[in-house]
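Chain by chain, the residues:
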Amino acid sequence: MKNQVVSQELSDQASELTLDVDSVRNDFPVLHQEVHGCPLVYLDNGASSQKPEVVIQKIAEYYSEQHSNVHRGVHTLSQRATDLYEEVRENVRSLINARSTREIIYVRGTTEAINLVAFSYGMKNMQPGDEILITEMEHHSNIVPWQLLCERSGATLKIVPINDQGELIMKSYEELLTNQTKIVAVTHVSNALGTVNPVAKITEMAHAAGAVVLIDGAQGVPHKPIDVQAIGCDFYAFSGHKIYGPTGVGVLYGREVVLEEMPPWQGGGDMIKQVRLDGSEYNDLPYKFEAGTPNIAGVIGLGTAIEYVMELGLNAINKHESLLLDYALTKAEQQSGLRVIGSASERASLLSFVLDGVHPHDVGTVLDHEGVAVRAGHHCAMPVMEHFGVPATVRASWGIYNTYDELDRLFEGIDKVQELFRK
Amino acid sequence: MTELRDLYQEVIMDHNRNPRNYGCLQEASHFAEGFNPLCGDQLKLYLYINDSNTIEDVSFEGQGCAISTASASIMTEILLGLGLNEAKQYFHAFCALAIGENKHLESDVDLGKLEVLKGVSEYPARVKCATLAWHTLQAALKGEKEPAKTE
């Protein structure tokens, strides 16, 4: 009996590490189409991932059968909508291993989550002379909210530089971290380079200096198991649409003790217990930060997306994407005239590159003609572009449904670009 | 399906490889910067306009894709020797061409070699690459201090 249990566990582990990509592809209706006469190869998952049929169906079903406003009515539909909406908090909690659903705040996306923290935590705690520490590899959404906070509070923004591999220079981080540092905000995975940052170590060092830590998890959550307790961070932000869920919904995780001390940032319905004309009493967590009618269908769709990826297994997803990364890097090395931007020792599933003598925009247009969708531009990370001395890069980013054949198609497309632009 | 060669015509590839009137113009009377926030394309445009309102000299420098570089290069060729009013007519005619609306426009302007850029009208995401130089021209003529933006 015991042996049976053990072998069952082993086979669970084995199956968890393999992704049936053909079956996954069948779950995504959008993938089965032609673009410019070629089968679509979707390699723009870093910008937004596609949606499985179960998510699309769940949203359709919600609007067809269950929609009403949440937390308001005594009627049946309102209760159904509220139950569905609230159940998702447990999905999110379990996805990132938060302690409690009170720590899960629904927002519009990563950007809104960071703005919420910058405004609520920042305006309460930041004084002139205080410092906020971010890094050179941040997405604009983890730069600008802190610049705005500095303007409003008189605090100073400090930047941890990156090296030519696209990794944080940890020695500089250590030096920049002082008693003045009150907030450290850093990305888990760089959207422009793929660098995976040592967020647990970063958090440990920041806490030792007395600073709170926000991790921008927009590019982290879709690719690997996340454990916010193991990381130890105070805030972790991510978007639904990069984890195969709908756009317009995201999550701010915050440690309960930190959230409790924070004032609301938007006022309105749902975030209050009692409103009087001479003052109001705010609601408990997490509702204190959720003013107004939320994106109910989006949250419900996100819940299904989370169930979907957890069923596939984040370890299996991570393994699949890592194998594709190894393959892409080998192909890239063999391609003359191609320069990979970023070569961090730990990296996620994307390839950022430039081609000699061809602007990334032209690469993007030619690849599109071959049915290959990539991102061409600065990826909302202009300081990163500046560091590497390029105006833009081409970024191919993959996910659970991408295949080796599709990476071959990418490199065949690159051959065509080089042929067209050959002098 | 449109052919890629309709967009990347040989004339465009040639101007991209060997941009004409490239560089800084020390004696410029008019100057503007153009910026496409979407893709990071940057352009500096220098003009020397004489007392009789004729563009006597023009040059550009910057970083951009084949479409924006070729568009800027061809524009400088066209502008040389033009009067300001003619230049403005070209601006309107070219913008209409780039979005595919020139057929409906009654215009006396003969766009000449600018016609090679009409392929961009099939690529809405690339129209701004083609018009960046022209928006920068307009900013230079108006003497705007802020960089011209396509967004």
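Keep in mind that this is a model prediction, so the values were computed, not measured.

**Concerning the interface of chain A and chain B**
Line of reasoning, step 1. In this assembly, 16 residues from chain A lie in contact with 14 residues from chain B.
Line of reasoning, step 2. Contributing elements (two or more residues each) for the side of chain A that touches chain B: helix 13 (360-369) and helix 14 (382-387) of chain A.
Line of reasoning, step 3. Ranked by the residues each element gives to the side of chain A that touches chain B, the list is headed by helix 13 of chain A, at five residues.
Line of reasoning, step 4. Class assignment for the residues of the side of chain A that touches chain B results in six nonpolar, eight polar and two charged.

**Digging into the sheet that holds strand 3 (residues 55-63) of chain B**
Residues and elements named next belong to chain B.
Line of reasoning, step 1. In spatial order, the strands read 3-2-1-4; together these four strands make up an open sheet with mixed pairing. Sheet topology places strand 3 and strand 4 (148-149) at the edges, where each strand pairs with a single neighbour.
Line of reasoning, step 2. Bridge count for strand 2 (residues 41-49) against strand 3 is eight bridges, and the pairing is antiparallel. Paired with Lys44 across the bridge in strand 3 is Glu61.
Line of reasoning, step 3. Its contacts with the sheet put helix 5 (residues 127-142) on strand 1 (30-36), strand 2, strand 3 and strand 4, and the angle it makes with strand 1 is roughly 150°.

**Structural notes on the domain arrangement of chain A**
All names here are of chain A.
Line of reasoning, step 1. On domain assignment, one finds that chain A holds domain 1 (16-45 + 314-420) and domain 2 (56-310).
Line of reasoning, step 2. Between the C-alpha centres of domain 1 and domain 2 the distance comes to 28 Å.
Line of reasoning, step 3. On the side of domain 2, 22 residues touch domain 1, which itself brings 23 residues to the contact.
Line of reasoning, step 4. When contributions to the side of domain 1 that touches domain 2 are tallied by element, the ones reaching two or more residues are helix 12 (314-334), strand 14 (350-355) and helix 14.
Line of reasoning, step 5. Among the elements that make up the side of domain 1 that touches domain 2, the one with the highest residue count is helix 12 (five residues).

**Re the nonpolar core**
All names here are of chain A.
Line of reasoning, step 1. Core analysis: the biggest nonpolar cluster contains 119 residues, and Leu214, Val251 and Leu252 have the highest contact counts within it.
Line of reasoning, step 2. Among the elements that take part in this core, helix 11 (residues 296-312) stands out by supplying ten residues, more than any other.
Line of reasoning, step 3. Residues from two domains meet in this core; each of domain 1 (16-45 + 314-420) and domain 2 (56-310) gives at least three.
Line of reasoning, step 4. The contact partners of Leu252, leaving out residues within four places of it in the chain, are Ile105, Val107, Ala113, Leu116, Val117, Phe235 and Ala237.

**A word on the sheet that holds strand 6 (residues 156-160) of chain A**
All names here are of chain A.
Line of reasoning, step 1. With mixed pairing, seven strands are arranged side by side in an open sheet as 4-10-9-8-7-5-6. Taken across any chain shown, the strands that pair with only one partner, and hence form the sheet edges, are strand 4 (104-107) and strand 6. The average undirected angle you get between the axes of adjacent strands in this sheet is 20°.
Line of reasoning, step 2. Bridge count for strand 5 (residues 131-135) against strand 6 is five bridges, and the pairing is parallel. Among the inter-strand pairings, Thr135 is bridged to a residue of strand 6, identified as Val160.

**Thoughts on the pairing of strand 1 of chain B**
The side chains of a regular strand alternate between both faces of the sheet.
All names here are of chain B.
Line of reasoning, step 1. Here strand 1 pairs with strand 2 via seven bridges, running antiparallel. Residue pairing in the sheet places Ala32 in a bridge with Leu45 of strand 2.
Line of reasoning, step 2. Here strand 1 hands over to strand 2 after four residues, with Gly40 in that stretch at a positive phi of 85°.
Line of reasoning, step 3. Pairing analysis gives two bridges linking strand 1 to strand 4, with the strands arranged parallel. Counted as the bridge partner of Phe35 is Lys149 from strand 4.

**Observations regarding helix 13 of chain A**
Since the α-helix turns once every 3.6 residues, residues separated by three or four places project in the same direction.
Residue and element names in this part refer to chain A.
Line of reasoning, step 1. Of all ten residues in helix 13, nine are buried; the element is thus mostly enclosed.
Line of reasoning, step 2. Where helix 13 is concerned, the buried positions are Pro360, His361, Asp362, Val363, Gly364, Thr365, Val366, Leu367 and His369.
Line of reasoning, step 3. Just downstream of helix 13, Gly371 is the residue with a positive phi angle, here 85°.

**What to know about the packing of helix 2 (residues 10-17) of chain B against helix 3 (residues 66-79) of chain B**
Residues and elements named next belong to chain B.
Line of reasoning, step 1. Running from amino to carboxyl end, helix 2 crosses helix 3 at an angle of 85°, the nearest separation of the two axes being 8 Å. What the angle tells us is that helix 2 and helix 3 run roughly perpendicular. Contact with helix 2, carried on its side by Ile12, Met13, His15 and Asn16, involves Ala66, Ile67, Thr69, Ala70, Ser73 and Ile74 of helix 3 and no other residues of that element.
Line of reasoning, step 2. Grouping the amino acids of the contact of helix 2 with helix 3 by side-chain chemistry returns six nonpolar, four polar and no charged.

**As for the pairing of strand 14 of chain A**
All names here are of chain A.
Line of reasoning, step 1. Counting buried residues in strand 14 gives six out of six residues, a clear majority hidden from the surface.
Line of reasoning, step 2. Note: strand 13 (residues 338-340) against strand 14, three bridges, orientation antiparallel. Residue Val340 lies in a different strand from strand 14, and its bridge partner there is Phe353.
Line of reasoning, step 3. Bridge count between strand 14 and strand 17 (residues 393-397): four bridges; the pairing is antiparallel. Among the inter-strand pairings, Phe353 is bridged to a residue of strand 17, identified as Val394.

**Some remarks on unusual backbone geometry**
Residue and element names in this part refer to chain A.
Line of reasoning, step 1. With omega at -5°, the peptide bond leading from Leu285 into Pro286 counts as cis.
Line of reasoning, step 2. Mapped onto the fold, Pro286 is located in the loop between strand 12 (279-282) and helix 11.
Line of reasoning, step 3. One non-glycine residue, Asn97, adopts positive backbone phi at about 55°.
Line of reasoning, step 4. Along the chain, the position of Asn97 falls in the loop between helix 4 (76-96) and strand 4.
Line of reasoning, step 5. In this structure, Asp270 is a non-glycine residue whose phi angle is positive, near 80°.
Line of reasoning, step 6. Within the secondary structure, Asp270 is located in the loop between helix 10 (256-261) and strand 11 (272-276).

Criteria and cut-off values
Residues numbered from 1 in each chain as written. Chains lettered and ligands numbered in written order. Predicted model: local features only at pLDDT ≥ 70, side-chain atom pairs only at ≥ 80, totals over all residues. Contact = placed C-beta atoms within 7 Å. Helix = DSSP H or I, 4+ residues; strand = E, 2+ residues; numbered from the N terminus. Nonpolar A, V, L, I, M, F, W, Y, C, P; charged D, E, K, R; others polar. Pairing = 2+ DSSP bridges. Axes fitted to C-alpha atoms, helices over the stretch in contact; angles between N-to-C directions. Domains from an automatic or database assignment. Core = buried A, V, L, I, M, F, W, Y, C linked by C-beta atoms within 7 Å. Buried ≥ 20, exposed ≤ 12 C-beta atoms within 10 Å, placed from the backbone. Parallel < 35°, antiparallel > 145°, perpendicular 65-115°, else oblique.

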